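A structural walkthrough
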Amino acid sequence: MSAPARTPSVPPASDRLLRTLSLGEDVSRLKYVSGAREEALHRMGIETVEDLLLHIPRRYLDFTHAYTIEAAPLGEVATIVGTVDRVSLKHPKPRLSVVEVSLVDDTGVLQLAFFKQPWLAKQLSRGDRMAVQGKVEFSYGFKQMASPHFERLDGHASAGAMIPVHPVSEGVSVAWMRRIVSGALERVGAFADHLPAPLRARRGLMSASRALRSIHFPLSGAEREHARRRLAYDELLHLQLALRLRNDANLLDVTPHAHAVGAHVEAFRRVLPFSLTDEQDAAVSDILRDMQDGSRVMNRLLLGDVGTGKTAVACFGLAAVADSATQGCVMAPTGVLAQQYAHKSGPLLERAGITWALLTGATSASEREDMLHRLASGELQVLFGTHAVLSDDVVFRELSLVIIDEQHRFGVNQRNALRAKGPGADLLVMTATPIPRTLALSVYGDLDVSIIRKRPVAGAGVATHVLTEANRDVAYGAVREALAAGRSAYVICPMVEPTDHAEDLEDVPGIGGEDDQQHVRLHNVVEETERLKTVFRDARIDMLHGRMPAQEKDRAIARFRAGETDVLVSTTVVEVGVDVPDATVMIIEDGERFGLATLHQLRGRVGRGGHAGLCYVMTHAGAGGRRSPAQDRLEALERTDDGFSLAEMDLRLRHEGEILGLRQHGGVSLRFVDLDADVELIEDAHEDAQELLRYASTLQSVATLPMRQEVVKRYGDVFKEVSGG
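Residues numbered from 1 in each chain as written. Predicted model: local features only at pLDDT ≥ 70, side-chain atom pairs only at ≥ 80, totals over all residues. Heavy atoms only, no water.

1. Describing unusual backbone geometry
Rule in force here: Here a helix means four or more residues in a row that DSSP labels H or I, a strand means two or more in a row labelled E, and each is numbered from the N terminus.
Positioned with a positive phi, Tyr32 is a non-glycine residue whose angle comes to about 80 degrees. Summarising the element assignment, Tyr32 is placed in the loop between α1 (13-16) and α2 (35-43). A positive phi is found at Ser147, a non-glycine position, where the angle reads about 50 degrees. Tracing the backbone through its elements, the reader meets Ser147 in the loop between β8 (142-146) and β9 (149-152).

2. Overview of the side chain of Ser400
Applicable threshold: For the exposure calls, accessible area comes from a 1.4 Å probe over protein chains only, and a residue counts as buried if that area is under 20% of its type's maximum, exposed if over 50%, partly exposed in between. We call two N or O atoms a polar contact when they sit within 3.5 Å, provided that within protein one can donate a hydrogen and the other can accept it, with sequence-adjacent residues counted only if both atoms are side-chain atoms. Residue contacts follow a heavy-atom distance rule, with two residues in contact if any of their heavy atoms lie within 4.5 Å.
Take Ser400: it is sitting in strand β15 (residues 399-405). Judged by relative accessible area, which is 0%, Ser400 ranks as buried. Polar side-chain contacts of Ser400 include one of 2.5 Å to the side chain of Thr326. Those residues in contact with Ser400 that lie beyond four places of it in its chain are His257, His259, Val321, Thr326, Gln327, Ala425 and Asp426.

3. Comments concerning the sheet that holds strand β17 (residues 448-452)
The condition is simple: At least two bridges found by DSSP between two strands are what make those strands a pair. To obtain each axis, a line is fitted to C-alpha atoms, and for helices this fit is confined to the stretch in contact; angles are then taken between N-to-C directions over 0 to 180 degrees.
As summarised here, the arrangement of the seven strands in space is β13-β14-β12-β15-β16-β11-β17, forming an open sheet in which the pairing is parallel. Of all the strands in the sheet, the pair left with one neighbour each is β13 (356-359) and β17. Put simply, the sheet's adjacent strands are angled 20 degrees from each other on average, direction ignored. Running over the sheet, helix α10 (residues 278-292) touches β11 (299-304), β15, β16 (426-431) and β17 and is turned about 155 degrees from β17. Running over the sheet, helix α12 (residues 335-351) touches β13, β14 (382-385), β15 and β16 and is turned about 170 degrees from β13.

4. So, the environment of Val474
With respect to the secondary-structure elements, Val474 resides in helix α16 (residues 472-484). Since its relative accessible area comes to 45%, Val474 is described here as partly exposed. Distance in space between the C-alpha atoms of Val474 and Tyr616 is 8.8 Å, their sequence separation being 142 residues. Every residue in contact with Val474, bar those within four places of it in the chain, is listed here: Leu467 and Tyr616.

As structure tokens, then:
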């Protein structure tokens, strides 16, 4: 980190006398913002004063807990303020530079070492006042810090303060950013709060203007946390409001169905080849209760780990449809998954006296014509299908239940198009992606949630082993044994072709550093398919990836399922839902490149039949000899098969959007929310959004109008959708 120039952090009094600026005004209206600084701010996405004030510090130098050098505790992270006494640049190795700095105060000397930052030798001078933050060690008779965060201080920084360090780019230094933000806060002053005072008081929230001041220039860590909490609540509440309003837009002028629960439901329960677990039974009760409630349309998320029996639970809803003499539709993201659901569930439905059919892009014209006739007449009660069910000629006599599998794989318009075929139809969304409850409430706030955590039976299960390149033969040996026994295997690669770049892959913390795979070439499907033909000479090897045409992908999976392919080399396109009982071994190449949720989903593809599964995760993590965060994640994968506990860990390590694919929600990003720690805040926002919309369904009251304007600013004019405008 380069040291900033000395600049005052508070604008002069003359600047404070200028007229008050609104949050929406251009950032160029601020003093000190022009030329290179204005261009730098625009490059960072800062266009308005509000953008600037929401550009929060990435960390703080906490002088409220600063230590003297003598008192700084060994082995702990500490902040120390001192004066530079000596600066020297050394080259212990040809390609390694070290800037050594001696920092002194009245109690002693602290030795600092900055690696591969030779420019610091020119930027730091004897007599500079400096604050450093890092882990304190002891060696060669001195306390030391290696590569600490630091800030060169001006006369305004003093003990007892917290100095913000904002993200910056070329053209604006940390000190200049601090000065610009300080000036902006002065010009904006106190502004009206969009949250009603009673709501703020009930939840113990700061005012919006105070929160923005305190997040930039807090007097203590506690004040900073209170400010973050207010900004996080704003994000959560307005996301909840937008989600529920968009949902309400689809339910205008519709009459909910009051489904019956009778002979077909009981018949389906009898034909199930197993008894429901307590969690499955509770989920069935949730669904049937919602469907019987004629006062509201069901909007429910059925959340369950791989193999927890979500499909069987959902089929109780289809049985209730038959009891009500209406129709249900199950839409899956791929033809293979649609076939899988139909072939697994269809015979059970048939035994319960429920008619069904499967519609995909591969359905013949004659079959399709007959199917659509039976559907329009009501003779056909349940339709399984892909997006083919969205075609205009697919007409239901009375569609009363829509079931969508892995809804984040569909666009909003596709989901709405299916619901439009049955105005007032209940909605059940299923996902096998384990999602922590806090994340489900935040992002699927318009849906009630039923969770199935435990698998109904232990089954054959999957054993997971993390291997390095030196142990690759262990994985290949397992594949050979499986093939000899007439079974099959997956090999998963992070890239499709050798021309792909690592930057296109998942952004997983702890990956890509000097000690891991900086010089490692990642595996790709195209080359690996050819290479494995020389490793397993007698095996039939095929490939699968997302760039293949849909029908070609379906054929590749169909060949694998039919036993015509022995080894399928694939990307994560097999992550969700593909069920091949004879597949018992999986090798995941460059496992450190994937998040825990993805790895867990991938390994769920093996061991689904009567034979135990083996998953080998190949990794280069820790290859440089130092402990890597990726190793911790992969070891957790070895230890547990509980997808929800892994999802909680994934959530702490990675951004929430990478787990759910929040691009489907309009690029929603919860910048201030700590999904691990803000459980109570998330539940509060969820409850408050429901109460506010009960009070004013479109937020048109005087008290809620500012919140309406805030929703529009953040998520677009959802109220046009609600009003039909």
